[in-house]
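Structural overview for review
Here are the chains, one letter per residue:
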Amino acid sequence: MEGFAVGASLFVLTLVLAGLRVPIAVAMLFSGGLGYALLAGPAAFLDVMKSLTYERFSSYSLIVIPLFVLMGQFATKARINEALFDSARAWIGHWRGGLAMATVGGCAMFGAICGSSLATAATMTQVALPEMSRRGYDPSFSTGVLAAGGTLGILIPPSVILVIYAIYTEQSIGALFIAAVIPGFLAALGYMAVIAIVVRLKGGSAPADERIGWVQRVLSLRGIWSFALIFGLVIGGIYLGWFSPTEGAGVGASVIAIIGLAGGRLGWHELRDSLLETAKTTAFIALILLGATVFNAFLALSQLPVTLAELILALDVPPLLLVAAMLLLYVVFGCVMESLSMILLTIPVFLPILLRIDLGLSEAQILVWFGIMCLTAVEVGMITPPFGLNLFVIGAAARDVPMTETYRGVLPFVASDIVRIGILLNFPVLSLLLPGMW
């Protein structure tokens with residue numbers, strides 16, 4: 001049990017360091033390196049570092065990460081979000097709460113070519129928040145809509161988190177992208193349903209906008225042709241086998257760059273900033289991957305995941321209750337940790353348990369289904385008061401709205417998320433149908 005005790009102690013230490021705001025990559029590197037040296041000796045740790053580092057970063061599959069990040073950067077700099085929001089507002093802005101629904105729709109469409117929750121929240125706030133303020137929307141309601149809508153940036157494919165999850169679990173990136181479509185669509189519908197309910201219970205929170213004629217509505221669709229083209233090429237191309245996920249990311253980034261340059265929205269300054277931000281984000285992700293690789297090697301050496309799985313299985317707890325407990329931990333971790341970090345930290349502990357309980361699914365089905373489930377739970381944590389990261393992104397942009405008001409405004413959307421998690425938990429078919437795994 002010596003390895004188990006060391007593994008459990010250093011796992012807790014990693015969580016404590018993360019709670020103290022130590023970068024999670026540093027926390028995993030420190031705990032993993034210390035644990036490996038304690039169990040196998042310093043010389044063995046130095047030897048394994050040489051092989052692990054080369055093995056992790058020489059993988060061709062990792063090329064997809066900077067390409068998808070670059071695709072999101074180009075989409076942000078080209079201000080595609082503005083056209084998506086304007087088109088959605090033209091069609092449903094005259095409804096009660098229609099501007100808020102248009103914001104959710106814009107977040108969903110922008111998320112489909114951005115792949116980042118925080119970037120979607122920050123970018124859409126710049127466009128939608130002034131419009132909602134101008135129309136007399138309740139500030140807490142507006143910021144709550146934007147915080148929740150931002151989560152669609154990572155729930156609707158393509159998603160960098162799903163790419164890394166697929167690499168770590170050796171699953172198809174395309175299958176995970178397609179599996180996320182229905183859950184992402186349900187999330188958007190759930191948020192719109194919350195808006196419809198809130199505006200009826202609190203009539204003054206979201207006045208109706210002026211009605212726009214049919215000609216203007218049709219003309220507004222010109223602004224979303226680039227979204228349809230990019231999403232169709234990337235997701236459709238991967239699903240139909242026209243190209244690999246890496247090639248799809250390259251195609252998506254290239255097409256957005258061409259559209260931005262042709263429309264005059266991407267100049268050399270924007271291109272340079274996009275490349276620099278992509279390099280910074282990729283370096284950040286690479287450091288987390290290195291930390292997770294070292295930490296996972298330590299956990300394997302300590303036998304913590306296997307021993308923990310045996311202890312939990314001996315309790316004879318209902319399988320779905322176990323999965324629900326894991327998802328609850330993701331919600332809690334999401335309040336203090338970045339989504340990629342918490343997934344990489346917990347996957348080596350959770351998967352041995354998942355693959356040994358009877359869920360009535362094959363191993364491939366479990367891995368794809370759980371990938372969607374944990375991604376959903378992680379994003380709930382990012383809007384759960386008081387420490388959800390999306391809330392702070394919105395708070396930084398809406399400085400005149402107290403954080404307590406944003407907390408109040410986002411709670412109905414958190415309730416919607418909890419209902420959706422329950423649905424996805426009990427009906428795996430919703431995640432497995434489109435990739436043809438049901």
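Placed above this text is the structure.
None of these values were measured; they are calculated from a predicted model.

**Topic: the overall build of the protein chain**
Looking only at helices and strands, the protein chain has 23 helices and zero strands in total. Taken against the 2.2 N^0.38 rule, which gives 22 Å for 438 residues, the C-alpha radius of gyration of the protein chain at 22 Å falls within 12% of a compact globule. Along the first, second and third principal axes, the C-alpha set of the protein chain runs to 70 × 45 × 45 Å. Across the 438 residues that make up the protein chain, the buried fraction comes to 57%. Once the 21 positive and 23 negative side-chain charges of the protein chain are each reduced to a mean point, those two points are 12 Å apart.

**Some details on the environment of Ala40**
Note on placement: Ala40 falls in helix 2 (residues 24-40). Spatially, the C-alpha atoms of Ala40 and Ile421 are 41 Å apart, while their sequence positions differ by 381 residues.

**As for the packing of helix 4 (residues 64-77) against helix 10 (residues 160-169)**
At a minimum axis separation of 10 Å, helix 4 and helix 10 run at an interaxial angle of 170°. What the angle tells us is that helix 4 and helix 10 run roughly antiparallel. Residues Val64, Ile65, Phe68 and Val69 of helix 4 pack against Val160, Val163 and Ile164 of helix 10. The residue inventory of the contact of helix 4 with helix 10, partitioned by class, reads seven nonpolar, no polar and no charged.

**Considering the environment of Met373**
Relative to the helices and strands, Met373 is located in helix 20 (residues 363-381). We classify Met373 as buried; its relative accessible area is 0%. Setting aside residues no more than four positions away along its own chain, Met373 makes contact with Leu327, Ile421, Leu424 and Leu425.

**Quick word on the side chain of Asp417**
Structurally, Asp417 is set in helix 22 (residues 403-426). You can call Asp417 buried: its relative accessible area is 1%. With sequence-adjacent residues up to four places away left out, Asp417 is seen in contact with Tyr191, Val380 and Ile383.

**Thoughts on a nonpolar patch on the surface**
Among the surface-exposed residues, Val12, Val16 and Leu20 lie close enough to one another that they form a single nonpolar patch of about 280 Å² accessible area. Note on Val16: relative accessible area 44%, which makes it partly exposed.

**Focus on the packing of aromatic side chains**
This structure, assessed with the given rule, holds eight aromatic pairs. With centroids separated by 6.4 Å and ring planes inclined at 45°, the aromatic side chains of Tyr36 and Phe45 adopt a geometry described as tilted. Each member of the pair, Tyr36 as well as Phe45, is classed as buried. A network of ring pairs unites the aromatic residues Phe11, Phe295 and Phe298 as a single cluster.

**Concerning helix 22**
With 24 residues, helix 22 should reach 34 Å at 1.5 Å per residue; the first-to-last C-alpha distance of 34 Å fits that figure. Where helix 22 bends most, at Leu411, the angle is about 35°, and the proline Pro412 comes one to four residues later. All of the buried residues in helix 22 are Thr406, Tyr407, Gly409, Val410, Phe413, Val414, Ser416, Asp417, Arg420, Ile421, Leu424 and Leu425.

**Quick notes on the nonpolar core**
Counting 154 residues, the largest nonpolar core has Ile65, Leu152, Tyr330 and Phe370 as the members making the most contacts within it. Ignoring anything within four residues of it in the chain, the contact list for Ile65 reads Val160, Val163, Ile164, Ile285 and Leu289.

**Focus on the pattern of salt bridges**
Applying the stated criterion across every chain yields a total of five salt bridges. Between Arg420 and Asp417 there is a salt bridge, and its shortest N-O distance comes to 2.2 Å. Here Arg420 and its partner Asp417 are both found in helix 22, three residues apart, which amounts to about one turn of the helix.

**So, helix 5 (residues 80-92)**
For helix 5, which comprises 13 residues, the first-to-last C-alpha distance of 19 Å matches the rise-based estimate of 18 Å (1.5 Å per residue) to within 8%. For helix 5, every residue scored as buried is listed here: Ile80, Asn81, Ala83, Leu84, Phe85, Ser87, Ala88, Arg89, Ala90 and Ile92. If you follow the buried residues of helix 5, they end up packed against helix 4, helix 6 (98-114), helix 7 (117-134), helix 13 (214-220), helix 14 (225-240) and helix 15 (245-262).

**What about the packing of helix 18 (residues 319-333) against helix 22?**
A packed helix pair is summarised by two numbers, namely the angle formed by the two axes and the spacing between the axes. Remark: helix 18 packs on helix 22, axes separated minimally by 11 Å, with the N-to-C direction vectors making an angle of 145°. By crossing handedness, the relation of helix 18 to helix 22 is classed as right-handed. Residue-level inspection shows Leu320, Val323, Ala324 and Leu327 of helix 18 in contact with helix 22, the latter providing Ile421, Leu425 and Asn426. Along the lines of polarity and charge, the residues of the contact of helix 18 with helix 22 split into six nonpolar, one polar and no charged.

The rules behind each value
- Residues numbered from 1 in each chain as written.
- Predicted model: local features only at pLDDT ≥ 70, side-chain atom pairs only at ≥ 80, totals over all residues.
- Heavy atoms only, no water.
- Helix = DSSP H or I, 4+ residues; strand = E, 2+ residues; numbered from the N terminus.
- Rg over C-alpha atoms; globule rule 2.2 N^0.38 Å.
- Buried < 20%, exposed > 50% of the residue type's maximum accessible area, 1.4 Å probe, protein only.
- Lys, Arg positive; Asp, Glu negative; His and termini not counted.
- Charge placed at Lys NZ, Arg CZ, Asp CG, Glu CD.
- Axes fitted to C-alpha atoms, helices over the stretch in contact; angles between N-to-C directions.
- Parallel < 35°, antiparallel > 145°, perpendicular 65-115°, else oblique.
- Contact = heavy atoms within 4.5 Å.
- Nonpolar A, V, L, I, M, F, W, Y, C, P; charged D, E, K, R; others polar.
- Patch = residues over 30% accessible without salt bridge, like charges linked within 9 Å, V, L, I, M, F, W, Y side chains within 5 Å.
- Areas by Shrake-Rupley, 256 points an atom, 1.4 Å probe, with all protein chains shown as cover.
- Salt bridge = Lys/Arg side-chain N within 4 Å of Asp/Glu carboxyl O.
- Phe/Tyr/Trp six-rings, centres within 6.5 Å; stacked < 30°, edge-to-face > 60°.
- Expected span 1.5 Å × (residues − 1).
- Bend = angle between axes of the 7 residues up to and from the residue.
- Core = buried A, V, L, I, M, F, W, Y, C linked by side-chain atoms within 4.5 Å.
- Left-handed = near helix turned anticlockwise from the far one by under 90°.

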